[in-house]
Protein chains: 2
Amino acid sequence: MDALLRPQSIALVGASDSSRGGWAGRLYDNLALMDFPARLHLINPHRAELWGRKCYPNFAALAEPVDLALTVIPSAAVPATLAEACAHGLRCAIVYAAQFGEGGDRHGAARGRALLDLRARFGLRICGPNCMGVLSLRERLLLYPAARIRSVEPGPIGLVFQSGGTFQYWLAQASVRGLGFSYCISSGNELDLDLADYLEFLVADESTKIIVCLVEGIRRPAAFMAAAARALALGKPILMLKSGRSERGKAAVMSHTGALAGNDEVFDALCRRYGIVRCRDLDALIETCVAFAPGRLPNGRRIGIVTASGNTTALIADYASEEGATLATLAPATLDRLAGLIDAGLVAGNPLDVGAANVRRVDKYAEICRIVAADPGVDIIGMQGQVPTLPDEAPDPAVFAGIGAATEKPVVVFGRLAQNVSAAARDYRNKTALPFVHGLPAAIRVMQALATYAGQRGRQVPALPPPVLSPAAARALPAGAALDALIAAHGLTPPRSATAPSPEAAAARAADLGFPVALKIVSPDISHKTEAGGVAVGLADRAAVLAAAQAMRAGLAAQRPRARIDGFLVQEMVSGLEYIVGARTDPLYGPFLVLGLGGVTVEVLNDTAIALLPIEEPEVRAMLASLRSAPLLAEFRGRPPRDVDALVRAVLGLTRLFLDHRESLSDIEVNPLMIGPQGAGVRAVDVRLVRAPEKEDA
Amino acid sequence: MDALLRPQSIALVGASDSSRGGWAGRLYDNLALMDFPARLHLINPHRAELWGRKCYPNFAALAEPVDLALTVIPSAAVPATLAEACAHGLRCAIVYAAQFGEGGDRHGAARGRALLDLRARFGLRICGPNCMGVLSLRERLLLYPAARIRSVEPGPIGLVFQSGGTFQYWLAQASVRGLGFSYCISSGNELDLDLADYLEFLVADESTKIIVCLVEGIRRPAAFMAAAARALALGKPILMLKSGRSERGKAAVMSHTGALAGNDEVFDALCRRYGIVRCRDLDALIETCVAFAPGRLPNGRRIGIVTASGNTTALIADYASEEGATLATLAPATLDRLAGLIDAGLVAGNPLDVGAANVRRVDKYAEICRIVAADPGVDIIGMQGQVPTLPDEAPDPAVFAGIGAATEKPVVVFGRLAQNVSAAARDYRNKTALPFVHGLPAAIRVMQALATYAGQRGRQVPALPPPVLSPAAARALPAGAALDALIAAHGLTPPRSATAPSPEAAAARAADLGFPVALKIVSPDISHKTEAGGVAVGLADRAAVLAAAQAMRAGLAAQRPRARIDGFLVQEMVSGLEYIVGARTDPLYGPFLVLGLGGVTVEVLNDTAIALLPIEEPEVRAMLASLRSAPLLAEFRGRPPRDVDALVRAVLGLTRLFLDHRESLSDIEVNPLMIGPQGAGVRAVDVRLVRAPEKEDA
C-alpha cells in the first residue's frame, strides 16, 4: 500500500498531450502544482520529450525501479506494458482504463487474468481498473486526472469510493464544507486491491480518524468485516453509502464494477453489527462527516435543541419524531434559568425557541446554549446557527467557540437548509471548531448517528463459532423422532400431537388429545401443506376429524396422484400470536436470523427484523422491540402479555441449532411459532428444515 | 390586498435609529435601495426629523390618508396607534410585533380583539401580527427588515410563509438557485388576513404561476380548500411544507402562531385531493420549485434517465425503486441508436450510463439525451448535469438549451449533491432554460411530483353534497331493525344472525342457523365487546353456545354489576379477509374515510388509507391499491381472489350513509368487514355508529 499511497517514484505511462481526454496532462499538472512530491518519469515510446522533460520508451530505459505506475493507456495495452514494468521492478500500478472483465466480455476477462498473473508472479499490486486514482493529502500527491480535486485539504478523513467520477464531485463539495482528508482512493473494479485492503490500511493509519466509503459491492466480505470490527474496536467510525438496494440498482452495480451488490437487508444487519453508519445519499454522507469530524461522541441519546425560530422548533420536533429521536427533558433548574433569558410570551422547553429578540444578541443566545448543554439530562446539543453568507456579516467566532469549549458533549450547529459556503465562512467555521450541518432532517439524523455509533464504539464483535468440526459430525443432523427431540430441546416446543396411519386412527388419536384439534396430512411430496389442502383446523369432534382426513386423502389423490401419503398428524389446537423465525446463510455475508410477525395475512406486511449471527439475548430482545408489531407482545387490548422469555429462548435455540449444523442445513424456518400468554411458552407449529446439498469431502 | 402589496403611500410607524434591533432602519434602507417606490411618511412623536426626512407625530399630521402602515412599535402601543391611523383613513397595516394572543395570555388577547375591532369598524386589513412583512417584487417594494432579501429577483413564484424568520433564509437560498418571485408574504399569526386570503390573491394574480407555502396551521380550511380548488382548476401548482406532523410539532405550532396544526394524515388526504405538492423539508421545497418553474408538465409517469456515471445509475435506480417511480422501457429503435453512441462495453438501458468517454463530449451527451427524450415511451427526461462550479469552466449553454428545445416534455437536469451556485452558474442556468436540481433522491422526487401534479391539474374537485337539509330529517337516523336494514341497503351486508333473550334461547337460535356460530352479548353499556369478554367464536354445538352465554352473563355481572344485558346475538361464523372501514368528520378539514386491513393483530401495523369525502369509485380502488396489504385482495398463496367489487360497493355505501346523515352521526365504523371470495360478497360483522350530540336548533 505504501507504493500506492506514499510512492517515492512514479511513472506516468502514456504521457501525451491527448490521451484519454487529456488525463495524462491533468495528472502531470496536478503533480506539477504540488512541485513534484515524488520522482516522476514519463513513459511514451512515441515521444522523446514532453512538457520539457525527457520521455522514456519503457521501464527498461529508466535508471531506477519504480514504485507506482499511472497507466493512462488503452486497456488492450495495459497487460504487456505492466509485464515489462514488472520485469524491471515495478511495485504497484493504477489502471485507469475499464474493460477488464466487469461487463463480462471475453477479451476484458482475459486482460484481467493477465494482470492477476502479474500479481502472482511479481507481487504487483493493482489499484483499479476503471478507477480514477488516489490522493495522498499529507504527501501532496494528487494522482487524479482533474483540477476539481485541487481544493481538497489535508485532514483526518480517509476515503474509499468505488466510483471515480462521483469521487471528485463529492470531494469538491466536502472541501467547500471544510472537511479535510488523509487518503482518498477511487478503487474502481478492484481486480486486486479492494475495499477490504484499503479499509485495513486506513484503520491502521494513525492520521485517519474517520473513514468514508461509497460502495457498490463487497468483494471479500470476511476481510471487510474483520477490518470493520477493528475499526469499531478502535473507535474509528465508518460512514458509508452503498448502492444496489433495488433490483435495477443491483443490475447497474454489476454492469458498472462487476460487483455483487448482495442482499441489502442483510447488509443493513451487517452495518448494525459493525457499527457502520449507513447514509442515504451523497449529501447525507457529507452532513454525517461534518458531524463526526470534531471527534466528540455523546454518552447517551438525549438531545437538547435550541432554535431561534418558532417555525424551526415545530419542524425539528416533527423530524425528531419521525426519526425516533429522544428529546431530553430539561431539569426544572434549567427551565428556570432559561425562562429569564428567552423572549416574553415564550415557554422554555425542548426544542427551545429563544424568540426573535435573541437572534441578534449572539452573546445571550450562546449563554442559552451553554445552559442547555450543562443540563445533566442532555447528551447532545443541537443549536440553530449558520456560517455567514452575506459579505458584510462578520460574526465573532469566539462566541460559538465558547459554547463548544464550555462542554465536552457534542454540539451540532444546524442551519435550515443548504447554502453556499465561502472561504470566509470556512474560516469562521474552523475558528468555532463546531460542525455546521445543513438542513433540519439532516441535523436530527446526524445526532442520531452520533448517539448510535457512540453506543457501539469500542465493542468487540463476537466471532462466528466454528461449525461442528468433523465433516461427518457436521452432517450428523438426525432424522425422525431424534430430530424432533433435538428441535424441542432447543426451545422450539412442538404442539402435543400424535400420528395416525389412517383417517379412523386419526379420529381416535384426536379423542385422546382432546378437542378441538388440527389435522395435517403427512407426505414427503408436499412442502406447502396449506396450499395443497392438507391442513384442517378447529375440528371439534371425532366425526369432523374422520371426514376431514378422508377429504384430504381424496383431494391429494385427485390433485397429485403420485404423492405418497404416510398418514396424518393430529395436533392440539394452539392459539397465540403467530411469529416466524428462521435462519439461513447469506452467500456474501454469512449466517443470519430473520424474525417477525407471522401468519399468511401478516407476512405481506413484512414486519421482520434481520441480524447476522451469532447473536445474544439483548440483541434478540432489541430485534423484537424494533418490530412495528412490538406492542402485541405486551398487554394489548385486554389480552395478556405474551411469553417473551420463551420466545427469546426459542430464537436463541434456533440460532444455536442452525449454527451447530450449518454445514448440513441450508435453511431452518419455524412458521408459525405460536407465542402463548406469559408462562404458557411457545409452540413451534411447523418447523421446516432444508438440508444442504451434500458436498464432496475434500 | 392592493393596499398591502401595491400601496401608493406608506407610513413607517416607529421610525427610529434603534427600534426593535434596527428594524425600522432596515425597512427604510430597503425602501431607499429601490428609490422609494411608494410615497413614504415617517411617524414618530419623539423625533422631528430622521434620515434627512421630516418625522410626523401621528397620522392626523399627514397630508394624505395612507394605504399601508408598517408598525415597528411595541405590541402595547399598536392598538391605539392604529386606531388613530384608521380615523385618518389608513387601509392596511403590517404588525411586526408579537403578543396579540397567540401564546394565550390575557393582555395579548385583548390587544388582538382591539385590532379586530378596527377591522370591523374601519375595514382596516392587517398582515401579521408576529410577521416580518412582505415583498412585492415587480413593484420593487421590499417591506422586510433585513438586507438578506435584497437578492430576491422578480419572477413567477408567489410565496406565503407563516414564519417570518425562515422566510428570509429560504428566499436567499432560492435566489441563489435562480428562482424568481412575484409576491412574498410572511403572514405571521394571521389575526385578520390569512393563508386563504393570500392564496386567493395569488391564484387570481396573473403574474403568479406557482405558489409556495410554509404553513403551520390552516385557520379557515373551507376558504383554503376553495382557493386550492381554483388553483388546481387553473393549473397553478401549490407547493407546501407544513409543520406539526408530530405531537411536539403541534405544540410548537400552537405556541408559535396560535394555530391548530390539525390531523396530519387527514391533511395529507386534503393535499392529494387538491393536488397540493407536499414537500418534506425546506430544501425539498426549493428543489420542487426549481423543477416546476419552467412550467412544463409530463403527459404520463414514465421517466427516462441519462447519467454519465455508473455509480449514479445504480444510486438513482435505488431511489427510483424507493419512490415507486416508473422507469420508461426504451423502444428497440432508441436502444439501437444509443448503442452506437455510448462507451464500448456498456449496454443501453434505462437508467442509461453513457460512459466516461462521453462526459467531456458534451455535444454527444446532448445528442444521447435528445434521443431518449424523443422516445415515445418516455414522458419525463432526467439527465445528469450541473451548472459550472470551477472558475475556468465555461460550458456553452446552447448545448443543454438545445435538449429542452428539441422536446416539449419536461427535462430535469440533476447533479449528485448540493453545491455552491455562483452568479455565473445562474447565468448559465438561465441561458439553458432548464431546471438544475441538486441531489439524486430529490431528482426522482421532483419528477414524481411533476407527474402526480400533471395527473391532477385542471381537475374539478367535487363539492361536498349538502347533508339532508331539514334539521329534523337530518336527525332522522332510524334505530333498531330499521337502522340495520338501512345499513344493509348501503352494501354493508350483515352476517346471518338472530337475537335471543337468554342463553337457552341462544343455543336454540344457533341450531337454527347451523354450527359453528359466533355469540355476542347485547348490552347498551359496553362498546368494546371483545375486551369485555362479550364475544365467543367458533362455537360448535348447542352445549358450547349455552356454556359460553352463561359465562358471558356471569362475567359481565361480576365485572360491571350495573351493565344492562339485553340478551345475545347469535351469528353465522364468517370467514374472509378482515378490513376496517370508517367515516368521521375532522374538526378542521371535514368528512373523511378511513379504510385498511383489520383485525386486532393487524391494526397495530396500521395499514390504512385516508381520503376526504365525497369520493368516487376509482379513488376507492386507488386507496385499496395503495395499502401494503393490497396483494391479499388478489389471488394469494392459493387462496382465491377476494370480492373487491363488493368491498368497493360497501365502502361507497358507507360514505353515502355517513354523508347523508352526518348531522346526526359523528362516527361510523365497520370492524371487521369480512371480504369473502369473489362473488361471495362481504359481511359487516360489527357496525359501530356514534350519534352526534344533539344540537340546539338555531
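Residues numbered from 1 in each chain as written. Chains lettered and ligands numbered in written order. Predicted model: local features only at pLDDT ≥ 70, side-chain atom pairs only at ≥ 80, totals over all residues. Heavy atoms only, no water.

Chemist: Could you give an account of the nonpolar core, naming the residues involved and the relevant values?
Modeler: Counting 246 residues, the largest nonpolar core has Trp170(A), Phe181(A), Phe224(A), Trp170(B), Phe181(B) and Phe224(B) as its most contacted members. In contact with Phe181(A), other than residues within four places in its own chain, are Leu137(A), Val152(A), Glu153(A), Pro154(A), Gly155(A), Pro156(A), Ile157(A), Leu159(A), Trp170(A), Leu171(A), Ala174(A) and Val212(A). Leu483(A), Ile675(A), Ala684(A) and Leu477(B) belong to the second largest nonpolar core, which has 84 residues in total. (Core = buried A, V, L, I, M, F, W, Y, C linked by side-chain atoms within 4.5 Å. Buried < 20%, exposed > 50% of the residue type's maximum accessible area, 1.4 Å probe, protein only. Contact = heavy atoms within 4.5 Å.)

Chemist: Can you break down the sheet that holds strand 21 (residues 497–500) of chain B residue by residue, with the values?
Modeler: Residue and element names in this part refer to chain B. The four strands lie next to each other as 21-24-22-23, forming an open sheet whose pairing is antiparallel. Each edge of the open sheet is held by one strand with a lone partner, namely strand 21 and strand 23 (535–539). Neighbour to neighbour, the strand axes of the sheet diverge by 20° on average, direction disregarded. Relative to strand 24 (residues 567–572), strand 22 (residues 517–522) runs antiparallel, the two sharing six bridges. Considered in strand 24, the bridge of valine 522 is made with glycine 567. Each of strand 21, strand 22 and strand 24 is contacted by helix 19 (residues 503–513), which is oriented at about 15° to strand 24, the strand it contacts most. Relative to strand 22, helix 20 (residues 542–559) is tilted by about 25°, and along the sheet it contacts strand 22, strand 23 and strand 24. (Pairing = 2+ DSSP bridges. Helix = DSSP H or I, 4+ residues; strand = E, 2+ residues; numbered from the N terminus. Axes fitted to C-alpha atoms, helices over the stretch in contact; angles between N-to-C directions.)

Chemist: Outline the confidence of the model for chain A, listing residues and values.
Modeler: Here chain A shows a mean pLDDT of 91. Residues at 70 or above account for 97%. Among the scores for the predicted complex, ipTM is 0.91 and pTM is 0.91. (pLDDT = per-residue confidence, 0-100.)

Chemist: Quick one: what's the story with the sheet that holds strand 9 (residues 141–143) of chain A, residue by residue and with numbers?
Modeler: All names here are of chain A. With mixed pairing, seven strands are arranged side by side in an open sheet as 9-8-11-10-12-13-14. Each edge of the open sheet carries a strand with a single partner, namely strand 9 and strand 14 (277–278). One ladder, built from five bridges, connects strand 12 (residues 210–215) with strand 13 (residues 238–242); its direction is parallel. Of the residues in strand 13, the one forming a bridge with cysteine 213 is methionine 240. The strands touched by helix 5 (residues 164–176) within the sheet are strand 8 (133–136), strand 10 (153–161), strand 11 (180–186) and strand 12, with strand 11 carrying the most contacts at an inclination of about 170°. Lying over the sheet, helix 6 (residues 195–204) contacts strand 10, strand 11, strand 12 and strand 13, oriented at roughly 170° with respect to strand 12.

Chemist: If you had to explain the environment of Met1(A) to someone new, which residues and values would you point to?
Modeler: Residue and element names in this part refer to chain A. Note on placement: methionine 1 falls in the segment before helix 1 (2–5). Assessed through its relative accessible area of 29%, methionine 1 is described here as partly exposed. With 492 residues separating them in the primary sequence, methionine 1 and threonine 493 have C-alpha atoms 54 Å apart. What methionine 1 contacts, discounting residues up to four positions off in sequence, is Arg6, Leu193, Asp197, Tyr198 and Phe201.

Chemist: I'd love a proper account of the packing of helix 12 (residues 332–339) of chain B against helix 13 (residues 362–374) of chain B, names of residues and values included.
Modeler: Angle between the axes and distance between the axes are the two parameters that describe a pair of packed helices. All names here are of chain B. Between helix 12 and helix 13, the least distance of the axes is 10 Å, while the angle of their chain directions is 175°. Put simply, helix 12 runs roughly antiparallel to helix 13. Across from Thr334, Arg337 and Leu338 in helix 12, the residues of helix 13 making contact are Ile368, Ile371 and Val372. Its residues assigned to classes, the contact of helix 12 with helix 13 comprises four nonpolar, one polar and one charged. (Parallel < 35°, antiparallel > 145°, perpendicular 65-115°, else oblique. Nonpolar A, V, L, I, M, F, W, Y, C, P; charged D, E, K, R; others polar.)

Chemist: Mind laying out the domain arrangement of chain A, listing which residues take part and the relevant values?
Modeler: In terms of domains, chain A is made up of domain 1 (1–129), domain 2 (146–293), domain 3 (296–456), domain 4 (496–572) and domain 5 (577–691). The distance between the C-alpha centroids of domain 1 of chain A and domain 5 of chain A comes to 54 Å. (Domains from an automatic or database assignment.)

Chemist: Got a sec to walk through the relation of the copies chain B and chain A? Specific residues and values, please.
Modeler: Expressed as a screw operation, the relation of chain B to chain A combines 0.1 Å of axial shift with a rotation of 180°, fitting to an RMSD of 0.2 Å. One copy is carried onto the other by what is essentially a two-fold rotation axis. Considering only C-alpha atoms, the residue of chain B closest to the rotation axis is Asn420(B), which sits at 2.3 Å. When the interface residues of chain B are mapped onto chain A, 99% of them again lie at the interface, so the same face is used by both copies. (Least-squares fit on C-alpha atoms with pLDDT ≥ 70 in both.)

Chemist: Please give an account of the interface of chain B and chain A that cites residues and values.
Modeler: A common way to report how large an interface is uses the accessible area buried once the components associate. Contacts between chain B and chain A engage 80 residues on the former and 80 residues on the latter. Summed over both sides, the interface between chain B and chain A buries roughly 6,500 Å², with carbon and sulfur atoms accounting for 57% of that surface. At the junction of chain B with chain A, the criterion picks out four salt bridges. With a closest N to O distance of 3.4 Å, Arg245(B) and Glu322(A) form a salt bridge. Connecting chain B to chain A are 30 residue pairs in polar contact (both at pLDDT 80 or more). Breaking the side of chain B that touches chain A down by element, the ones donating at least two residues are helix 2 (19–33), helix 5 (164–176), strand 13 (238–242), helix 8 (247–257), helix 10 (282–292), helix 11 (310–322), helix 16 (440–456) and helix 21 (600–603) of chain B. The biggest single contributor to the side of chain B that touches chain A is helix 11 of chain B, with 11 residues. Class assignment for the residues of the side of chain B that touches chain A results in 33 nonpolar, 27 polar and 20 charged. (Buried area = accessible area lost by both parts, 1.4 Å probe. Salt bridge = Lys/Arg side-chain N within 4 Å of Asp/Glu carboxyl O. Polar contact = N/O pair within 3.5 Å; in protein donor to acceptor, adjacent residues only side chain to side chain.)

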